[in-house]
Amino acid sequence: MRCLTRVAIGAISTLTITEAQLIDRTKAPNPVGAGINKSLSQQTGAGRGTINTPDSSLYIIKRDPFRSIRRGRQLFQRKFSLGEGLGPIFGDGTGDPVANKAVGAGFADSCAACHGRPRGSAGFGGDVVTRPDSRDAPHLFGLGLKEMLADEMTEELRNIRAATIQEARSNGRQARRSLAAKGVEFGFISARPDGTLLTNEVEGVDPDLRVRPFFAHGATISIREFAVGAFKDEMGLQAPDAELAAAAAGARIVTPSGMVLDGSLDRIEAPPTSDPNADPDRDGKTNEVPVALIDHMEFYLLNYFKAGRGDRSPRDTRGLQEMQRMGCTSCHVQNFTVVRDRRVADVETVFDPQRGVFNRLFATASALFFEQNDGPLPSLKLPKALPFQVRDIFTDFKRHDLGPNFWERNYDGTFQKEFLTTPLWGVGSTAPYGHDGRSNDLHEVILRHGGEAQRSRDRYAQAGRDRQQEVAGYLTTLILFPPDDTASNLEPGNPGAANFPQAGHGSIRLTTLFNNPNDPE
């Protein structure tokens, strides 16, 4: 990978505006210039268009991808207003939460209201009562890598299924094969000569073998479904998406970010409407989140930074070895490889006391795209789609039963007993712990484990305080970070700047990579 470098910026040492939730400067101008530079209409631009339609989402994603990422980020942080269609949430809080969990969803005016810590990130911090005991909103670092890994694992599992059916038909007798994807075992699948499948030995995934990486219980396939659903359930904003609706009805589509959604193979969550002229929440507003904005949001989250690595001592490193000895990494698998990376860049964020400013972290952005000349139009900047090693994610994308301490009540009195293995990257920044935030610290959440993790939990409990602290020490080095406050090779920072550290602290400044850096988002 080649490093991305910043272009010359005359005002590099001036005050850099960094926020979490953002106001719209076109509606709320202010002396310090804080907020989003473009109105919602300007962000929508020429709609989806084509790769040849200037200012359309497809044009920007394919020709000016870092502007699309930044635009998605500004949408994520944007404080939406009633005039733009904000609210009401499902039933305005009235209804049957058994029939529709959205009755208990939060009501936020921005994505960052639930996913906003650390500051300015697509982080954690919200809480909703879609279940009686509530759920915490997880951080979204590395979301695109999770989507790609889960999708590739699904393909591997389904290829095994197809081979099992073929074997049974060819041999005229029942066939049985082990299911494994990227080294993770999902039990066994059997097939009869007539093609009938036996899925009673499938483990940790639905019988359809679709690995669903989003939500604590593993419910959703794609970033696009996740974003459209969150706009509707958490903000009362309706996103008309005709292609997503078609996929939910059984069609096969490819999103602008390259995710294949095939409703003939998978259960796809439908958008609230496919018609931009419809008003499904009857608030008098239509086309509240135009499809172009969903395109930018999806592309932003596909390319969102993975978690970082903090200051790590030799003792902390021994903590990883202890985790391996205790069996923690049998489910919290440390590393995976994406075979076909659809991102256009990667950012590696590490502890660097020489170059780091805030938190002594420094980020290095590297290009994952190639340029293709396209005549008089700006060149196409397309993903190389090469393999990429995902380090320190610590998950297996499987559902597990960790015993009653983790069971979750549903509104109908039943219990959700199985949950996806929580990726541990970022865990050093996200207390309290558990999908419900019931565990105050890392020690307590580890002791909370039972069920399938009982043996590893007991090894940890019996290890003694020193070894336990080594484990906790290692986990605390798996961190999140505030991207607008983290020095990088795009904006290294200048501690000698006037008003430091409010100015000159550096940032992961995507504006420097725009085709026209003088046109800010």
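Calculation notes
Residues numbered from 1 in each chain as written. Predicted model: local features only at pLDDT ≥ 70, side-chain atom pairs only at ≥ 80, totals over all residues. Heavy atoms only, no water. pLDDT = per-residue confidence, 0-100. Contact = heavy atoms within 4.5 Å. Phe/Tyr/Trp six-rings, centres within 6.5 Å; stacked < 30°, edge-to-face > 60°. Helix = DSSP H or I, 4+ residues; strand = E, 2+ residues; numbered from the N terminus. Buried < 20%, exposed > 50% of the residue type's maximum accessible area, 1.4 Å probe, protein only. Core = buried A, V, L, I, M, F, W, Y, C linked by side-chain atoms within 4.5 Å. Lys, Arg positive; Asp, Glu negative; His and termini not counted. Salt bridge = Lys/Arg side-chain N within 4 Å of Asp/Glu carboxyl O. Expected span 1.5 Å × (residues − 1). Patch = residues over 30% accessible without salt bridge, like charges linked within 9 Å, V, L, I, M, F, W, Y side chains within 5 Å. Areas by Shrake-Rupley, 256 points an atom, 1.4 Å probe, with all protein chains shown as cover. Polar contact = N/O pair within 3.5 Å; in protein donor to acceptor, adjacent residues only side chain to side chain. Charge placed at Lys NZ, Arg CZ, Asp CG, Glu CD. Pairing = 2+ DSSP bridges.

Engineer: Tell me about the confidence of the model for the protein chain, and name the residues and values.
Structural biologist: With 96% of its residues at a pLDDT of 70 or more, the protein chain shows a mean pLDDT of 94. Overall, residues 6-18 carries pLDDT values under 50, and its contacts beyond four positions in sequence, including any with other chains, amount to 31 contacts.

Engineer: With reference to specific residues and values, describe the packing of aromatic side chains.
Structural biologist: Under the counting rule described, the total for this entry stands at 13 aromatic pairs. Centroid distance Phe 394 to Tyr 474: 6.0 Å. Interplanar angle 80°. Geometry classified as edge-to-face. Of this pair, Phe 394 sits in the loop between β17 (388-390) and β18 (399-401) while Tyr 474 sits in helix α11 (residues 465-475), placing them 80 residues apart in sequence. For Phe 394, a relative accessible area of 0% gives the class buried.

Engineer: Can you explain the environment of Gln 321? Please cite residues and give values.
Structural biologist: Position of Gln 321 among the secondary structure elements: in helix α8 (residues 314-326). Taking the C-alpha atoms as reference points, Gln 321 and Val 471, 150 residues apart in sequence, are found 8.4 Å from one another.

Engineer: Describe in detail the nonpolar core, supporting the description with residues and values.
Structural biologist: Judged by nonpolar contacts, the single largest core of 81 residues is most densely connected at Phe 66, Phe 76, Phe 186, Phe 231 and Met 297. Considering every element that reaches this core, the biggest residue donor is helix α4 (residues 143-171), with 8 residues. Ranked by size, the runner-up nonpolar core spans 18 residues in total, among them Met 326, Cys 328, Phe 394 and Phe 406.

Engineer: Go over unusual backbone geometry, please, and point to the residues and values.
Structural biologist: In this model, Arg 117 is joined to Pro 118 through a cis peptide bond whose omega is 0°. Structurally, the position occupied by Pro 118 is in the loop between β2 (115-117) and β3 (124-125). A cis amide bond links Ala 431 to the next residue, Pro 432, at an omega of -5°. One can find Pro 432 in the loop between β21 (418-420) and α9 (442-447). The phi angle at Phe 215 is positive, at roughly 75°, despite the residue not being glycine. Here Phe 215 shows up in the loop between β8 (197-198) and α5 (223-235). Among the residues examined, Phe 215 registers a relative accessible area of 41% and is labelled partly exposed. The residue Asn 287 is not glycine, and still its phi comes out positive at about 50°. Relative to the helices and strands, Asn 287 resides in the loop between β10 (260-262) and α7 (291-302).

Engineer: Provide a residue-level description of the side chain of Glu 225, including the pertinent values.
Structural biologist: When you line up the elements, Glu 225 lands in helix α5. Lacking a salt bridge, the buried Glu 225 has Arg 212 as its closest oppositely charged neighbour, with an N-O distance of 5.6 Å. Excluding anything up to four places from it in sequence, Glu 225 contacts Thr 220, Leu 244, Leu 261, Arg 267, Ile 268 and Glu 269.

Engineer: Residues and numbers for α8, please.
Structural biologist: In this model α8 runs 19 Å from its N-terminal to its C-terminal C-alpha over 13 residues, within 8% of the 18 Å that 1.5 Å per residue would give. Lining the buried residues of α8 we find α10 (454-461) and α11.

Engineer: Explain a nonpolar patch on the surface residue by residue, including any values.
Structural biologist: Residues Val 98, Val 129 and Tyr 411 make up a contiguous nonpolar surface patch of roughly 230 Å² in combined accessible area. Looking at the element boundaries, Val 98 is found in the loop between α3 (65-77) and β2. By relative accessible area, which is 42% here, Val 98 ends up partly exposed.

Engineer: Provide a residue-level description of the environment of Glu 371, including the pertinent values.
Structural biologist: Of note, Glu 371 is situated in strand β15 (residues 369-374). Residue class for Glu 371 comes out partly exposed when judged on its relative accessible area of 48%. Residues Glu 371 and Leu 179 lie 192 residues apart in sequence; the distance between their C-alpha atoms is 39 Å. Apart from the residues lying within four places of it in its own chain, the contact partners of Glu 371 are Ser 379, Leu 380 and Lys 381. Polar contacts involving the side chain of Glu 371 include one to the side chain of Ser 379, which spans 2.6 Å.

Engineer: Would you mind going over a negative patch on the surface in detail, with residue names and values included?
Structural biologist: A cluster of acidic side chains, namely Glu 185, Glu 203, Glu 418 and Glu 452, defines a negative patch on the protein surface. Mapped onto the fold, Glu 452 is located in the loop between α9 and α10.

Engineer: Please set out the pairing of strand β7 (residues 184-191) residue by residue, giving values where relevant.
Structural biologist: With respect to burial, β7 is a largely interior element, 6 of its 8 residues being buried. The turn linking strand β6 (residues 175-181) back onto β7 is made up of 2 residues, and Lys 182 within it adopts a positive phi angle of 50°. Two strands pair when backbone bridges link them, and β7 and β8 are joined in this way by 2 bridges, in the antiparallel orientation. Opposite Ser 190, over in β8, you have Leu 198 as the bridge partner. What sits between β7 and β8 in their antiparallel hairpin is a turn of 5 residues, with Gly 195 showing a positive phi close to 95°.

Engineer: Break down the environment of Gly 144 for me, citing the residues and quoting the values.
Structural biologist: You can see Gly 144 is positioned in helix α4. By relative accessible area, which is 0% here, Gly 144 ends up buried. Through-space distance from the C-alpha of Gly 144 to that of Thr 329 is 22 Å; in sequence the pair is 185 residues apart. With near-sequence residues (within four places) excluded, Gly 144 lies in contact with Ile 223, Leu 301 and Leu 302.

Engineer: Before we move on, could you go through the sheet that holds β7 and cite the residues and values that matter?
Structural biologist: Two pairing modes exist for strands in a sheet, parallel and antiparallel, and in both the strands are linked by backbone hydrogen bonds. What the 3 strands build is an open sheet, ordered β6-β7-β8; its pairing is antiparallel. Edge strands, defined here as strands with exactly one partner in the open sheet, are β6 and β8. As judged from the 6 bridges shared by β6 and β7, these two strands associate in the antiparallel manner. Each residue of the ladder has a partner; that of Arg 177, found in β7, is Ile 189.

Engineer: An account of the pattern of salt bridges is needed here, citing residue identities and associated values.
Structural biologist: Here the structure, examined in full by the defined rule, presents 46 salt bridges. The partner of Glu 201 in a salt bridge is Arg 176, with the nearest N and O atoms 2.9 Å apart. Residue Glu 201 is located in the loop between β8 and α5, and its partner Arg 176 is located in strand β6; the two are separated by 25 residues in the primary sequence. By relative accessible area, Glu 201 is classed as partly exposed at 29%. Residue classification places Arg 176 among the partly exposed positions, given a relative accessible area of 46%. For Arg 210, the salt bridge goes to Asp 266, with nearest N and O atoms at 2.9 Å. With Arg 210 in the loop between β8 and α5 and Asp 266 in the loop between β10 and α7, the pair connects residues that are 56 residues apart, well separated along the chain. When its relative accessible area of 5% is taken as the criterion, Arg 210 is described as buried. Each of the salt bridges in this network shares a partner with another, and the network as a whole consists of Lys 38, Asp 64, Arg 67, Arg 71, Asp 519 and Glu 521.

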